[in-house]
Amino acid sequence: MPFGEIVCGSPGSGKSTYCYGKYQLFSALGRPISIVNLDPANDTISYPCAIDISSLITLKDVMEEHGLGPNGGMLYCMEYLEANFDWLEERLRELGEEAYVLFDIPGQVELSTNHESLKGLVEKLTKLRFRLAAVHLCDAHYITDASKYISVLLLSLRTMLHLELPHINVLSKVDLISQYGDLDFNLDFYTEVQDLSYLENSLSASLPPRFASLNMAMISLIEDYSLVGFETLAVEDKNSMIHLTRVIDRATGYVFIPPAGSSAPPGTVDETGGPPVSRPNTYALFTTAAGPPKGDRSDVRDVQERWIDAKEEWDAYEKRQWRKEGEFVREEAARSRTIRKRNPPLGSTQDAHLASRYLSL
């Protein structure tokens, strides 16, 4: 079965926008992709949806029939989907072996932190040989406040421990972070989750003194696990999307799978005609398994320069580049039209000549 992502995060973190951006990127790259909407309350889907849970159940119907509120109704819908997993399995098989599947999860954080329905769905998908990674989106503006940043760290840690998947935490909307004021530290302090004791003064200033011990206890908990880190994302920036795609491909193992029909390296099992999860590639494994991904926006310092330190200069530069690209495309189109006018097809000239002879008879 295919590779895929469990796209989760709190409401407003940009899950649907990310799914649509990923669909556009993969379409441009020629990679197959399918998006599965598992949010029964999402009735305004912005992306092409291969499978929609509303065909099975909707939040509105559940609330009306059972008298439940939005939160209870959402949990009921996910439990109903888990109980009727064969409905989802049948439609996933129709997507084929080569599909890359995004699962757009509801924004209710209980589903990814302590409720068992989503975890049960993940386990069933894994039994179908899906290779999944959890992509947890968090709005980047939370890092502008120390207490919000600690809460996001705790939420991310709890999600990682609950879903038990290869996990990528993402600070989304990083292109908008400059609107919320200056950061107390450089961006890498927040993405790499460095020494959190430096946040003690900020936390003490924003909370009563009686919470000081609690603050340090939460900081110690996060540092003791030492699991949480963040990637950055600006959906409209191609380089940012490509970098995050590379990180996710390494987490799922997609980067180690050779294209269909390619010859297997010596010493590997010959599964060149099999599904993507069983095609080995020793060369790709040993050449890409070590070291950080390389490319534009792969260094968090470049991200800080682009979106925080020199955002206006970069915006002006990119506008000039887009203008030059548009002028080049227009010139190429005009040149091709000129060539067609100067060199009409030979067949059309012969047809006109024969037609004139016929009319003269």
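Heads up: these notes are all about the structure in this document. (Residues numbered from 1 in each chain as written. Predicted model: local features only at pLDDT ≥ 70, side-chain atom pairs only at ≥ 80, totals over all residues. Heavy atoms only, no water.)

Taken together, the side chains of Lys 319, Arg 320, Arg 323 and Lys 324 define a basic patch exposed on the protein surface. Mapped onto the fold, Lys 324 is located in helix H14 (residues 311–342). (Patch = residues over 30% accessible without salt bridge, like charges linked within 9 Å, V, L, I, M, F, W, Y side chains within 5 Å. Areas by Shrake-Rupley, 256 points an atom, 1.4 Å probe, with all protein chains shown as cover. Salt bridge = Lys/Arg side-chain N within 4 Å of Asp/Glu carboxyl O. Lys, Arg positive; Asp, Glu negative; His and termini not counted. Charge placed at Lys NZ, Arg CZ, Asp CG, Glu CD. Helix = DSSP H or I, 4+ residues; strand = E, 2+ residues; numbered from the N terminus.)

Evaluated as defined, the whole model comprises 10 salt bridges. A salt bridge links Arg 93 to Glu 89; the nearest nitrogen and oxygen atoms lie 2.9 Å apart. Taken as a pair, Arg 93 and Glu 89 lie in helix H4 (residues 85–93) at a separation of four residues, close to a single helical turn. Under the relative-accessibility criterion, Glu 89 is labelled partly exposed at 21%. Residue Asp 299 pairs with Arg 301 through a salt bridge whose shortest N-O separation is 2.7 Å. Residue classification places Asp 299 among the partly exposed positions, given a relative accessible area of 24%. Among the residues examined, Arg 301 registers a relative accessible area of 59% and is labelled exposed. (Buried < 20%, exposed > 50% of the residue type's maximum accessible area, 1.4 Å probe, protein only.)

Here we come to the pairing of strand S2 (residues 34–37). Looking along a regular strand, one sees side chains alternate from face to face of the sheet. Taking every second residue as pointing to the same face, both faces of S2 are buried, with Ser 34 and Val 36 on one and Ile 35 and Asn 37 on the other. Bridge count for S2 against strand S4 (residues 100–104) is four bridges, and the pairing is parallel. Within S4, the residue paired with Asn 37 across the bridge is Asp 104. The sheet contact formed by S2 and strand S3 (residues 51–52) spans two bridges and is parallel. Each residue of the ladder has a partner; that of Asn 37, found in S3, is Asp 52. (Pairing = 2+ DSSP bridges.)

Another aspect to go through is the side chain of Ser 13. Residue position: Ser 13 is located in the loop between strand S1 (3–9) and helix H1 (15–29). Among the polar contacts listed, one links the side chain of Ser 13 to the backbone oxygen of Ser 10, at a separation of 2.7 Å. (Polar contact = N/O pair within 3.5 Å; in protein donor to acceptor, adjacent residues only side chain to side chain.)

Keep in mind that most residues, glycine aside, have a negative phi and that most peptide bonds are trans. One non-glycine residue, Arg 129, adopts positive backbone phi at about 75 degrees. Locating Arg 129 in the fold gives a position in the loop between helix H6 (116–127) and strand S5 (131–139). Residues other than glycine seldom take positive phi values, yet Glu 164 does so here, at roughly 55 degrees. Position of Glu 164 relative to the elements: it lies in the loop between helix H7 (146–163) and strand S6 (167–172). With relative accessibility at 57%, the residue Glu 164 sits in the exposed group.

The end-to-end C-alpha distance of helix H10 (residues 212–225), which contains 14 residues, comes to 21 Å, matching closely the 20 Å that a straight helix rising 1.5 Å per residue would cover. Looking at the buried side of H10, the elements it contacts are H7 and helix H9 (200–206). Positive backbone phi, at 50 degrees, marks Ser 226, one or two positions downstream of H10. (Expected span 1.5 Å × (residues − 1). Contact = heavy atoms within 4.5 Å.)

One finds Leu 92 and Phe 103 to be the most contacted residues of the largest nonpolar core, which totals 32 residues. At the level of secondary structure, the elements contributing two or more residues to this core comprise S1, helix H2 (59–66), helix H3 (70–83), H4, S4, H6 and S5. Sequence-distant contacts of Phe 103, that is, excluding residues within four places in its chain, are made with Glu 5, Ile 6, Val 7, Val 36, Leu 38, Leu 92, Leu 125, Phe 130 and Leu 132. Among the nonpolar cores identified, the runner-up in size contains 28 residues, and Ile 177, Leu 199, Phe 230 and Val 303 belong to it. (Core = buried A, V, L, I, M, F, W, Y, C linked by side-chain atoms within 4.5 Å.)

Geometrically, a packed helix pair is captured by the angle between its two axes and the distance between the axes. Where H3 meets H6, the closest approach of the two axes is 9 Å, and the angle between their N-to-C directions is 25 degrees. Taken as axis vectors, H3 and H6 run roughly parallel relative to one another. Between H3 and H6 lies a crossing of left-handed hand. Residues Met 78, Glu 79, Leu 81 and Glu 82 of H3 form the contact with H6, whose participating residues are Glu 116, Ser 117, Gly 120, Leu 121 and Lys 124. Considered class by class, the residues forming the contact of H3 with H6 number three nonpolar, two polar and four charged. (Axes fitted to C-alpha atoms, helices over the stretch in contact; angles between N-to-C directions. Parallel < 35°, antiparallel > 145°, perpendicular 65-115°, else oblique. Left-handed = near helix turned anticlockwise from the far one by under 90°. Nonpolar A, V, L, I, M, F, W, Y, C, P; charged D, E, K, R; others polar.)

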